[in-house]
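Listed here are the chains, written in short residue letters.
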Amino acid sequence: MLVIFRMENKTIESKTTEQHPLNDQWSWWEHRKASSEDDYSNNTVRCADFETVEGFWQCINNIPSPSEFFYNGHNNKRFRNKDGSKRHVISFSVFRKGIHPSWEDDANRCGGDFTFKKFRDTRKLDEVWEESILHMISGHYPNIVGTRIVDTSVRGKNLYKLEIWFSPRDAEESLKPLMDTINDDYRLKGYYTKYHSN
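Residues numbered from 1 in each chain as written. Predicted model: local features only at pLDDT ≥ 70, side-chain atom pairs only at ≥ 80, totals over all residues. Heavy atoms only, no water.

### Overview of helix H4 (residues 122–137)
- For H4, which comprises 16 residues, the first-to-last C-alpha distance of 24 Å matches the rise-based estimate of 22 Å (1.5 Å per residue) to within 8%.
- Looking only at H4, the buried set comprises Lys124, Leu125, Val128, Trp129, Glu131, Ser132, Ile133, Met136 and Ile137.
- Residue Asp121 occupies the N-cap position of H4, its side-chain oxygen lying 2.9 Å from the main-chain nitrogen of Arg123.
- Among the residues trailing H4, Gly139 stands out with phi positive, at a value near 90 degrees. (Helix = DSSP H or I, 4+ residues; strand = E, 2+ residues; numbered from the N terminus. Expected span 1.5 Å × (residues − 1). Buried < 20%, exposed > 50% of the residue type's maximum accessible area, 1.4 Å probe, protein only. Polar contact = N/O pair within 3.5 Å; in protein donor to acceptor, adjacent residues only side chain to side chain.)

Encoded structure:
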C-alpha cells in the first residue's frame, strides 16, 4: 500500500492568525531504509521545520503517523515520491533545528539516549511518539535534543523502539523521572541508556 507524502524541506506555517511560539525551533526528519550503514546520512531527510504550537500540530496532522507506515504484522507501506518512485521509511525523528539526528553531530557527541525496550503493541505507537515530542518541545527539558521512533521489525515480527536523545551526558539523572513517567504511562518494558562516544 502506498501513502502520498510530499513535504520535504518545508517550513510549516499555521493559517491561524494567533501564533504561540515554542522556546526553540525544531526539524522533522524521516529515515529511509538504507542498503548499508554508510548510507545512513544520505537516507536521513529533513521533511519540515516548525517553531510554534500551531506548526507542531500541522506536522502531526499532515505527516503520516508511525502506525500508518510501520510493519504491523501483515505489511508495511511505502511512500510515493514526486517522480512516482517509492521509498521505505523506517523511522521518524524530531530534533532541535540545526542538529542532525546522528551520533556524529557535534551537539550529540557528548550525550546519549534513553532507548525504551522494544514493544509490539501497534496501538501504543502514535501515543508514545506524540507524547515524547510534546515533552521535548514543552521547554521544560532543555537537555533533550531529539526523539526518534523506529520500526525494528524482523522476520515477520512487528517490533518498535523509542529513543530520547540528550546532551550533555551529565543530564542523564535529571531526565530519568520523565523516562519513568513515559515508561509507566504506556506500560513499556523499561529503558536503558546508550552513550554516543567513549
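### Some remarks on the side chain of Glu172
- Locating Glu172 in the fold gives a position in helix H5 (residues 172–185).
- Polar contacts involving the side chain of Glu172 include one to the side chain of Tyr195, which spans 2.5 Å.
- Beyond its immediate stretch of four places on either side in the chain, Glu172 contacts Phe114, Phe166, Thr193 and Tyr195. (Contact = heavy atoms within 4.5 Å.)

### Section: the nonpolar core
- Among the nonpolar cores identified, the biggest contains 37 residues, and Trp28, Phe50, Phe92, Val94, Ile133 and Ile137 are the most heavily contacted of them.
- The element that contributes the greatest number of residues to this core is H4, accounting for six residues.
- If we skip the residues at most four places from it in the chain, Phe50 touches Leu22, Gln25, Trp26, Trp28, Gly55, Phe56, Cys59, Val94 and Ile137.
- With five residues, the next largest nonpolar core counts Trp29, Phe95, Ile99 and Trp165 among its residues. (Core = buried A, V, L, I, M, F, W, Y, C linked by side-chain atoms within 4.5 Å.)

### A short note on a nonpolar patch on the surface
- Nonpolar side chains collect at one region of the surface, where Val53, Trp57 and Leu134 lie side by side and expose about 220 Å² of accessible area between them.
- Position of Leu134 among the secondary structure elements: in helix H4. (Patch = residues over 30% accessible without salt bridge, like charges linked within 9 Å, V, L, I, M, F, W, Y side chains within 5 Å. Areas by Shrake-Rupley, 256 points an atom, 1.4 Å probe, with all protein chains shown as cover. Salt bridge = Lys/Arg side-chain N within 4 Å of Asp/Glu carboxyl O.)

### Looking at the pattern of salt bridges
- Scanning the model with the defined rule gives 12 salt bridges in all.
- Of the charged contacts in the structure, one is a salt bridge between Glu30 and Arg87, with a shortest N-O distance of 2.6 Å. Taken together, the positions of Glu30 in strand S3 (residues 21–32) and Arg87 in strand S6 (residues 86–87) put the pair 57 residues apart, joining distant regions of the chain. The pair formed by Glu30 and Arg87 is uniform in burial state, with each residue classed as buried.
- Among the salt bridges present, the one from Lys194 reaches Asp113, with a minimum N-O distance of 3.1 Å. Of the two residues, Lys194 is situated in strand S11 (residues 191–195) and Asp113 in strand S8 (residues 112–116); the sequence distance between them amounts to 81 residues.
- With relative accessibility at 0%, the residue Asp113 sits in the buried group.

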